[in-house]
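# Per-entry structural report
Listed below are the residues making up each chain.
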Amino acid sequence: MASITIENVIKTFGVVQVLKGVSLEIKSGEFVVLVGPSGCGKSTLLRLIAGLESLTEGIIKIDGKVTNDIPPRDRDLAMVFQSYALYPHMTVEKNLSYSLRLRKFAKDLINSTVMHSASLLGLADLLNRKPKQLSGGQRQRVAMGRAIVRKPKAFLFDEPLSNLDARLREQMRFEIRKLHFDLGATSIYVTHDQIEAMTMADRIVALNHGIIQQVGTPMELYDNPANLFVAEFIGSPAMNFIKGTVKKIVNSLTVCVDSNPLCDLPIGASYSIDAEVIIGLRPERIEITNNQTLFPAKIILIETTGLASIYHCDFFGQIVKIFTTSRIDFHVGEIAFINFDVKDIKLFDPLSGNRI
Amino acid sequence: MAKSNFGGRNIIYWLAHYSVIAAYLGLALFPLFWIFKVSITPNRLLYSEGIRLWPSQVGWEHYWSVIHHTDFPLFFWNSSIVSCCTAVLTVLFAALAGYAFSRFIFRGKIWLVGFLLVTQMFPLVMIIAPIFRLFSPLGLTNSLAGLVLIYTTYNIPFAIFLMQSFFDAVPKELEEAAMIDGSTRFGAFYRIILPLTLPGIAATLGFVFTAAWSELLFALMLNSQQDATTFPVGLLTFISKFSVDFGQMMAAGVLALLPVCIFFLLIQRHLVRGLTAGAVKG
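Anyway, here's the lowdown on the structure attached to this text. (Residues numbered from 1 in each chain as written. Chains lettered and ligands numbered in written order. Predicted model: local features only at pLDDT ≥ 70, side-chain atom pairs only at ≥ 80, totals over all residues. Heavy atoms only, no water.)

### Side note on the overall build of chain B
Selection criterion: Only DSSP runs of H or I with at least four residues qualify as helices, and only runs of E with at least two residues qualify as strands; both kinds are numbered from the N terminus onward. The globule rule is 2.2 Å times the number of residues to the power 0.38, and the radius of gyration it is compared with is taken over C-alpha atoms. In these tables, accessible area is a Shrake-Rupley quantity obtained with a 1.4 Å probe, and a residue counts as shielded only by the protein chains included in the view. Counted charges follow a simple rule, with Lys and Arg positive, Asp and Glu negative, and His plus the chain ends left uncounted. Where a charge lies is defined by one atom per residue type: Lys uses NZ, Arg uses CZ, Asp uses CG and Glu uses CD.
For chain B, the count of helices and strands is 13 helices and zero strands. A globule of 282 residues ought to have a C-alpha radius of gyration of about 19 Å, yet chain B, at 24 Å, is considerably larger. With respect to the principal axes defined by its C-alpha atoms, chain B has extents near 80 × 75 × 30 Å. In the structure as shown, chain B presents an accessible area of about 16000 Å², 73% of it carried by carbon and sulfur atoms. Across chain B, the mean location of the 16 positive side-chain charges is 10 Å away from that of the 11 negative side-chain charges.

Printed below as a string of structure tokens:
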């Protein structure tokens, strides 16, 4: 177990700056998920920590020790690759024991360690097989096993579940989390899947265009997104964004949609009258009812998942999604009425994307 | 009805498929068969029997005289040394260089690739005179070492491109995983990448060996003494001013094919690809 410190890390490939000054402190034993769209620099950051890429600028410390010039083999980290990267000419047993054999461990110790890890991951019966004789899920487990045999300082996961089908992914999510709970090792997990980030992380680091957008617990990012990017990325179905304008109604500045007042502008926010703002509202925080005193919304599409329904509505000319588990009988084309708590509204600046 | 149509089409496909293969094999193997046929036809029947697919009498005297009354065993030995050394040296250099081209980004890489390509653009005949001029004062004419040197340098560029394509096919993550597991880069190359590129190495070895084994021009121009003669040059000794000893020439030709056949039999197991299957997701 080790803490990992990242200070002002910049990485450029040719003329492209992939990471633009990233700083992050990962505590010992913490499970941190780096999340963001493809090309945001999350995998590059992981590879920098592993030592597979060299830093352009900045410092990476493992347990307080600067690792900039330490080769990957001496960093004592373990990595699970998206493609698993199993050694195809070696059996499962040889794959698992490779790192131990390199370190010249005693044969008995290697055998017992491999057996222990294999039984932990349900691989005990597959030890004599070659990777090509395994299913995708089994290969994934071998890749995990190869990481845990050595008891490294930290685990690095590079989108390890993206090649699995949905059900297996759900199961492996649970197993990786449980493994972390049992072993307590520092883990850095890269994914583009916000569900994985939400379900697995102690802390989420949201990255975009090589810049950290927000760091916090899953619920912090969900409840208090720092900007439009995080608000849009975290949560499924994604947050609704409605264009609003600032109006002056009885001495106070109010955000209106199509001249219907929705909420007051926070005190201290300096916006002129008729300025545009973006109203963020989570689909699950909107109530759909028959109460005709509320805001009308015309239903244009209904998606049913079994657990819940997603209503796509026309709300003063803008599309709004509503996520509800109650089974109210609405049909496409009908006018429904929607209600929400003003406290659930998040306001964003349309130019900077930042929270108001 | 539909089913029988489908079946009929299948048979046509099958016939077309196999007749194309048969036609190719016939075209490729008939000269070899003819060499063998002439080599076992006794001299007195060679010109008297007309064109026949198989002689009325079979004799092995050409082989006997090639082995016992000519310098062919020496030529064979020379050719074997030259070809084996060339193949091993070329593959050694090409594997290391091909790996570098496949995995590393370095200054001047594009120029280096360009220069390697340029070396392949000259016909051999063009460079024979300058090579002779260079080799002569260095004592590399009339020597097997000179041949090994020129064959190796001449084959390396193509072998590098060949090896590079085999390294490109092996996922980068494999050696990255090995390096994180505790290997040095060379260790990862040696223990993970090399075993996976054995088919490529075998193919390159085979290619270079055959090229060196059958090379005539340099061997003819650089070496004039008997003790440094390779077998393709030796074959020419059967052509004299007034006659050609076809029987012995063909017998020597058949014998010359044997090492190449044995070599390919040994490496054919590695030529079959598919060793990397299962490395990454499937």
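### Regarding the pattern of salt bridges
Filter applied, for reference: Should a side-chain nitrogen of Lys or Arg be within 4 Å of a carboxyl oxygen of Asp or Glu, the pair is scored as a salt bridge. A 1.4 Å probe rolled over the protein chains alone gives each residue an accessible area, and that area as a share of the maximum for its type sets the label: buried under 20%, exposed over 50%, partly exposed in between.
For the structure shown, the criterion picks out 14 salt bridges over all chains. Between Arg141(A) and Glu175(A) there is a salt bridge, with its nearest N and O atoms 3.1 Å apart. Of this pair, Arg141(A) sits in helix α4 (residues 136–148) while Glu175(A) sits in helix α5 (residues 166–183); the two residues are 34 residues apart in sequence, bridging distant segments of the chain. Among the ionic pairs, Asp274(A) bridges to Lys247(A), the shortest N-O distance being 3.4 Å. Of this pair, Asp274(A) sits in the loop between β13 (260–264) and β14 (276–281) while Lys247(A) is found in strand β11 (residues 240–249), placing the two residues 27 residues apart along the sequence. Given the relative accessible area of 28%, Lys247(A) is considered partly exposed. Salt bridges here are not isolated pairs; linked through shared partners, they connect Arg47(A), Glu53(A) and Glu176(B).

### Structural notes on the interface of chain B and chain A
What counts is decided by this rule: Contacts are assigned to residue pairs that have any heavy atoms within 4.5 Å of one another. Throughout this description, a polar contact denotes any pair of N or O atoms lying within 3.5 Å of each other; where both atoms belong to protein, one of them has to be capable of donating a hydrogen while the other can accept it, and for residues adjacent in sequence the pair is counted only when both atoms sit in side chains.
Counting residues at the interface gives 24 residues for chain B and 27 residues for chain A. The interface formed by chain B and chain A contains one salt bridge. The salt bridge involving Glu176(B) is made with Arg47(A); its shortest N-O contact spans 2.6 Å. Across the chain B-chain A interface, the total number found is eight residue pairs in polar contact (both at pLDDT 80 or more). Secondary structure elements with two or more residues in the side of chain B that touches chain A: α8 (172–181) and α9 (185–196) of chain B.

### Quick word on helix α6 (residues 124–138) of chain B
All names here are of chain B. Where we set the bar: Expected span, for any helix, means 1.5 Å times one less than how many residues it has.
The end-to-end C-alpha separation of α6 is 21 Å, in line with the 21 Å expected for 15 residues at 1.5 Å each. Listing the buried residues of α6 in full gives Ile128, Ile131 and Phe135. Buried residues along α6 sit in contact with α7 (144–168) and α11 (217–222). Gly139 sits one or two positions beyond α6 and adopts a positive phi of about 75°.

### Examining the environment of Ile356(A)
Residue and element names in this part refer to chain A. Along the chain, Ile356 falls in the segment after β20 (346–348). Ile356 sits in the partly exposed class, given a relative accessible area of 26%. For the pair Ile356 and Lys178, spaced 178 residues apart in the sequence, the C-alpha separation amounts to 38 Å. Non-local contacts of Ile356, meaning those with residues more than four positions away in its chain, are made with Pro266, Ala269, Tyr271, Val277, Leu347, Phe348 and Asp349.

### What about the sheet that holds strand β16 (residues 295–304) of chain A?
Residues and elements named next belong to chain A. Defined as follows: A pair of strands is treated as paired once DSSP finds two or more bridges between them. Under this scheme, a helix contributes an axis fitted over its contacting stretch, all axes are lines through C-alpha atoms, and angles between N-to-C directions fall in the 0 to 180 degree range.
Pairing is antiparallel in the open sheet, where five strands are placed in the order β15-β19-β16-β17-β18. Edge positions in the open sheet fall to β15 (286–289) and β18 (318–324), since each of these has one partner strand only. Across the sheet, the mean angle separating the axes of adjacent strands is 45° when strand polarity is ignored. In the sheet, β16 pairs with strand β19 (residues 335–340) via four bridges, with the strands oriented antiparallel. Its bridge partner being in β19, Lys298 is matched across the sheet by Ile335.

### Quick look at the packing of aromatic side chains
Stated precisely, the cut-off is as follows: What counts as a ring pair is set by centres within 6.5 Å for rings of Phe, Tyr and Trp (its six-membered ring), and what kind of pair is set by the plane angle: stacked under 30 degrees, edge-to-face over 60, tilted for all other angles. For a ring to carry a charge above it, either NZ of a lysine or CZ of an arginine must fall within 6 Å of the ring centroid while also lying within 35 degrees of the normal to the ring plane.
For the structure shown, the criterion picks out 38 aromatic pairs over all chains. Ring-pair connections join several aromatic residues into one group, and the members of that group are Phe72(B), Phe75(B), Phe76(B), Phe209(B), Trp213(B), Phe231(B), Phe238(B), Phe263(B) and Phe264(B). It is Arg146(A) that lies over the ring of Tyr87(A); its NZ or CZ is 4.6 Å from the centre. When the ring centre of Tyr222(A) is taken as origin, the NZ or CZ atom of Arg282(A), which lies over that ring, is 4.2 Å away.

### Comments concerning the sheet that holds strand β10 (residues 211–216) of chain A
All names here are of chain A. With respect to topology, six strands assemble into an open sheet ordered β6-β7-β8-β3-β9-β10, the strand pairing being mixed. Pairing within the sheet leaves two strands with one partner each, and these edge strands are β6 (77–80) and β10. In this sheet, neighbouring strand axes are inclined to one another by 15° on average, regardless of whether the strands run parallel or antiparallel. Looking at chain direction, strand β9 (residues 203–208) and β10 are connected through five bridges and run antiparallel. Bridging from a neighbouring strand, Leu207 pairs with Ile212 of β10. Docked against the sheet, α4 engages β6 and β7 (154–158), running at close to 175° with respect to β6.

### A few points about α5(A)
Residues and elements named next belong to chain A. Definition in use: The arc in question is the one traced by the directions running from the helix axis out to the C-beta atoms.
Helix length check: α5 (18 residues) gives 26 Å between terminal C-alpha atoms against 26 Å at 1.5 Å per residue, within 8%. If you check which residues of α5 are buried, you get Met172, Arg173, Ile176, Leu179 and His180. Viewed end-on, α5 has its buried residues packed into an arc of 135°, placing them on one side of the element. Exposed residues lying more than 90 degrees from the buried face of α5 are Arg167, Phe174 and Phe181. Buried residues along α5 sit against β3 (31–35), α3 (107–120), α4, β7, β8 (186–191) and α6 (194–200). In the stretch just after α5, Gly184 is the one whose phi turns positive, near 65°.

### What about the nonpolar core?
So the rule is basically this: Buried residues of nine kinds, namely Ala, Val, Leu, Ile, Met, Phe, Trp, Tyr and Cys, make up a nonpolar core once their side-chain atoms join them within 4.5 Å.
Counting residues in each nonpolar core, the largest one holds 79 residues, and the members touching the most others are Ile6(A), Ile49(A), Phe72(B) and Ile192(B). Aside from chain neighbours lying at most four places away, what touches Phe72(B) is Val66(B), Phe231(B), Gly234(B), Leu235(B), Phe238(B) and Ala252(B). Counting residues in each nonpolar core, the second largest holds 44 residues, with Phe31(A), Leu86(A), Val92(A) and Leu179(A) among its members.

### Some points on a nonpolar patch on the surface
Residues and elements named next belong to chain B. Where we set the bar: Patch membership needs two things, relative accessible area over 30% and no salt bridge, and members are linked within 9 Å if like-charged or within 5 Å if nonpolar (Val, Leu, Ile, Met, Phe, Trp, Tyr).
There is a patch of nonpolar side chains on the surface, built from Ile11, Trp14, Leu15, Tyr18, Ile21, Tyr24, Leu25, Leu29, Leu32 and Leu257 and spanning about 1000 Å² of accessible area. Here the nonpolar patch takes nine residues from helix α1 (residues 2–39), the largest share from any one element. Mapping Ile11 onto the fold places it in helix α1. Exposure remark for Ile11: the relative accessible area of 52% places this residue in the exposed category.

### Comments concerning the side chain of Ser309(A)
Residue and element names in this part refer to chain A. With respect to the element layout, Ser309 can be found in strand β17 (residues 309–315). Residue Ser309 is classed as buried on the basis of its relative accessible area of 14%. Non-local contacts of Ser309, meaning those with residues more than four positions away in its chain, are made with Ile302, Glu303, Thr304, Ile322, Phe323 and Thr324.

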